[in-house]
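A structural walkthrough
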Amino acid sequence: MESASQSYVPSEKLAKPSFWKKLRGHAVGDDKPIGYLFILPAFIHLAVFTLIPILFSLYLSFHKWSILKPAKPFVGLKNYIKMYHDSDFWHAMVNTFYFVFGSVPTGIAVSLLVALVLNRKMKGVYWFRSFFFLPVVSSTVAIAMVWQWILQPEFGLFNYLLGKIGIDGPKWLMDPKWAMIAVIIVTVWKGIGYQMIIFLAGLQGIPEHLYEAARIDGANKWRIFWSITLPLLMPTVFFLTVTTIIGSFQAFTVIYMLTEGGPVGSTDVVVYHIYEQAFRVFNMGYASAQSWLLFSIIFIITIIQVKFMKKFNYEH
């Protein structure tokens, strides 16, 4: 008993490893400091190129900040009040919602159809998957330039094919009624590959025994899709819906390359409108206020979608 008591050393008297020993991994069970060291470069990059510009844009939104003028007075909420009365901005907002509601459901539906077809075991399926995924890894600028030729009203490929079946094709990018539809077609076409891959991952995660049990019970393919495939794909559909809506609200490159917001402002969306205010009119303060309103709208819509999905999962 005496020897045991003499060998006891209080825990608080044990020597704690130094900071440098922790970094070298000498502290058993404590690897947090070395982990922080590894993520430090990424955090610095995120702070310098993302977090600080975001906070600075909020600061700009309360100022009349012009690149061309040295005076940058504080104006409070005047930029936001001006935006409320700006008919051009709200016209761009309406166009943005038109683009979102036109491209998101169409893209998800077409991608799901393609994924269902390419989820089968057939010859050359990997080549077809690569073919559909190719536009995702291609330059948006290059794709837009190719589509400008395809949608050319006089000698474009689209109108040539329509003429072969007796249809007089529209002017597409030159017609205010068709320009946004043309932009939606290009956007959906470019995004099919990414959404297809996500759907394929979801489809291949559905247990095969569920399909076998349904076939034994005499269910046809349509019934199997509605009762098994689609319900089990809902988390995938939800993920794609949220991310695609966020991306659609920020559409810029395709519109910049194809139409530059025209004709007659028919494809002028919010992000392109912000770009014009910031880099053509040089009104950085007003553009920043518009950016924060767009962020608020996207944030609210995303929260609504998350709550709806939680309720849907709870009920089903």
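These figures come from a predicted structure and were not determined experimentally.

Cut-offs applied
Throughout, a residue's number is its position along its own chain's written sequence, starting from 1. At least 70 in pLDDT is required for a residue's local features to be given in this predicted model, at least 80 for side-chain atom pairs to be given and counted, and no such filter applies to totals for whole chains, interfaces and linings, which use all residues. Hydrogen atoms and water are omitted, and side-chain values are computed over all heavy atoms in the structure. Counting from the N terminus, the helices are the DSSP runs of H or I reaching at least four residues and the strands are the DSSP runs of E reaching at least two. Partly exposed residues are those whose accessible area sits between 20% and 50% of the maximum for their type, while under 20% is buried and over 50% is exposed, using a 1.4 Å probe and protein chains only. In what follows, a contact means two residues having at least one pair of non-hydrogen atoms within 4.5 Å. Here the term patch refers to residues with relative accessible area over 30% and no salt bridge, with like charges joined within 9 Å and nonpolar side chains (Val, Leu, Ile, Met, Phe, Trp, Tyr) within 5 Å. For the accessible areas, the method is Shrake-Rupley and the probe is 1.4 Å, while residue cover comes only from the protein chains on display. When a carboxyl oxygen of Asp or Glu is within 4 Å of a side-chain nitrogen of Lys or Arg, the pair counts as a salt bridge. Working convention for charge: Lys and Arg count positive, Asp and Glu count negative, and His plus the chain ends are omitted. For the purpose of locating charges, the reference atoms are NZ of Lys, CZ of Arg, CG of Asp and CD of Glu. In the analysis that follows, any N or O atom pair within 3.5 Å is treated as a polar contact, provided that within protein one partner can donate a hydrogen and the other can accept it, and provided that, for residues neighboring in sequence, both atoms belong to side chains. In this scheme Phe, Tyr and Trp rings, the latter by its six-membered ring, pair at centre separations within 6.5 Å, and the angle between planes marks the pair as stacked below 30 degrees, edge-to-face above 60, and tilted otherwise. As a reminder, the over-ring test applies to NZ of lysine and CZ of arginine, requiring each to be within 6 Å of the ring centre and within 35 degrees of the ring normal. On a scale of 0 to 100, pLDDT captures the predictor's confidence in every residue. Among buried residues, those of type Ala, Val, Leu, Ile, Met, Phe, Trp, Tyr and Cys that are joined through side-chain atoms within 4.5 Å constitute a nonpolar core. To define axes, lines are fitted to C-alpha atoms, for helices over the stretch in contact only, and angles between the resulting N-to-C directions are given on a 0 to 180 degree scale. Oblique is the label for any angle not covered by the other classes, which are roughly parallel (under 35 degrees), roughly antiparallel (over 145) and roughly perpendicular (65 to 115). Each crossing gets its hand from how the near helix is turned against the far one by less than a right angle, where anticlockwise is left-handed and clockwise is right-handed. Under the grouping applied here, Gly and all other residues not named as nonpolar or charged are polar, the nonpolar ones being Ala, Val, Leu, Ile, Met, Phe, Trp, Tyr, Cys and Pro and the charged ones Asp, Glu, Lys and Arg.

**A look at the overall build of the protein**
Along the backbone of the protein there are 14 helices and 0 strands. Reading the protein from its N terminus to its C terminus gives the helix and strand order α-α-α-α-α-α-α-α-α-α-α-α-α-α. When each of the 316 residues of the protein is scored for burial, the buried share is 37%. Here the analysis covers contacts within the protein between residues at least 6 apart in sequence; of these, 64% occur between residues at least 24 apart.

**Focus: the side chain of Thr96**
As for its position among the elements, Thr96 is in helix α5 (residues 87–118). A relative accessible area of 1% means that Thr96 is categorised as buried. Setting aside chain neighbours within four positions, we find Thr96 in contact with Phe249, Val269 and Val270.

**Some words on a positive patch on the surface**
A cluster of basic residues, Lys64, Lys69, Lys78 and Lys82, forms a positive patch on the protein surface. By the secondary structure assignment, Lys69 is in the loop between α3 (32–60) and α4 (78–84).

**A closer look at the side chain of Lys190**
Mapped onto the elements of the fold, Lys190 is located in helix α9 (residues 179–204). Despite its burial, Lys190 pairs with no opposite charge, the nearest such side chain being Glu260 at 19 Å. A polar side-chain atom of Lys190 sits 3.3 Å from the main-chain carbonyl oxygen of Pro135. The residues contacting Lys190, other than those within four sequence positions of it, are Pro135, Val136, Ser138, Thr140 and Ile143.

**Some points on the packing of aromatic side chains**
Summed over all chains, the structure comprises 24 aromatic pairs. When the centroid spacing of 5.7 Å and the interplanar angle of 40° are considered together, the rings of Tyr272 and Tyr275 count as tilted. A residue pair is termed a helical-turn pair when its members lie 3 or 4 positions apart in one helix, as Tyr272 and Tyr275 do in helix α13 (residues 270–279) at 3 residues. An aromatic cluster of at least three residues, connected via ring pairs, comprises Trp147, Phe158, Trp172, Trp178 and Trp189. Of note, Lys72 hangs over the ring of Trp65, and the distance from its end group to the ring centre comes to 5.3 Å.

**What to know about the pattern of salt bridges**
Tallied over the full model, the rule gives 2 salt bridges. As a salt-bridge pair, Arg215 and Glu208 come within 3.7 Å of each other at their nearest N and O atoms. With a closest N to O distance of 3.3 Å, Glu276 and Arg280 form a salt bridge. Take Arg280: its relative accessible area is 40%, and that puts it in the partly exposed class.

**Here's the deal with the confidence of the model for the protein**
Averaged over all residues, the pLDDT of the protein is 88; the fraction at 70 or higher stands at 89%. Note on residues 1–6: pLDDT is under 50 here. Beyond four places in sequence and across chains, it has 0 contacts.

**Some words on a nonpolar patch on the surface**
A contiguous nonpolar patch, built from Leu37, Leu40, Phe43, Ile44, Leu46, Val48, Phe49, Leu51 and Ile52 and spanning about 850 Å² of accessible area, is present on the exposed surface. Within the fold, Phe43 resides in helix α3.

**With respect to the nonpolar core**
One finds Trp147, Leu151, Val186, Phe199, Phe249, Leu258 and Leu294 to be the most contacted residues of the largest nonpolar core, which totals 61 residues. Among the secondary structure elements, those contributing two or more residues to this core are α5, α7 (140–150), α9, α10 (208–216), α11 (221–249), α12 (253–258), α13 and α14 (284–315). For this core, the element with the most residues is α9, which contributes 11 residues.

**Looking at the environment of Ile246**
Position of Ile246 relative to the elements: it lies in helix α11. Residues Ile246 and Val100, spaced 146 residues apart in sequence, show a C-alpha to C-alpha distance of 9.0 Å. Once you skip the residues sitting within four places of it in the chain, Ile246 turns out to touch Ile298 and Thr302.

**A word on the packing of helix α6 (residues 125–137) against α9**
Running from N to C, α6 and α9 point in directions that differ by 130°, and their axes come no closer than 6 Å. As summarised for this structure, α6 and α9 are arranged oblique, according to the angle between their axes. Two packed elements cross with a definite hand, and for α6 against α9 that hand is left-handed. Within the contact between the two elements, α6 uses Arg129, Phe132, Phe133, Pro135 and Val136 and α9 uses Trp189, Lys190, Ile192, Gly193, Tyr194, Met196, Ile197, Leu200 and Gln204. In terms of residue class, the contact of α6 with α9 is built from 10 nonpolar, 2 polar and 2 charged.

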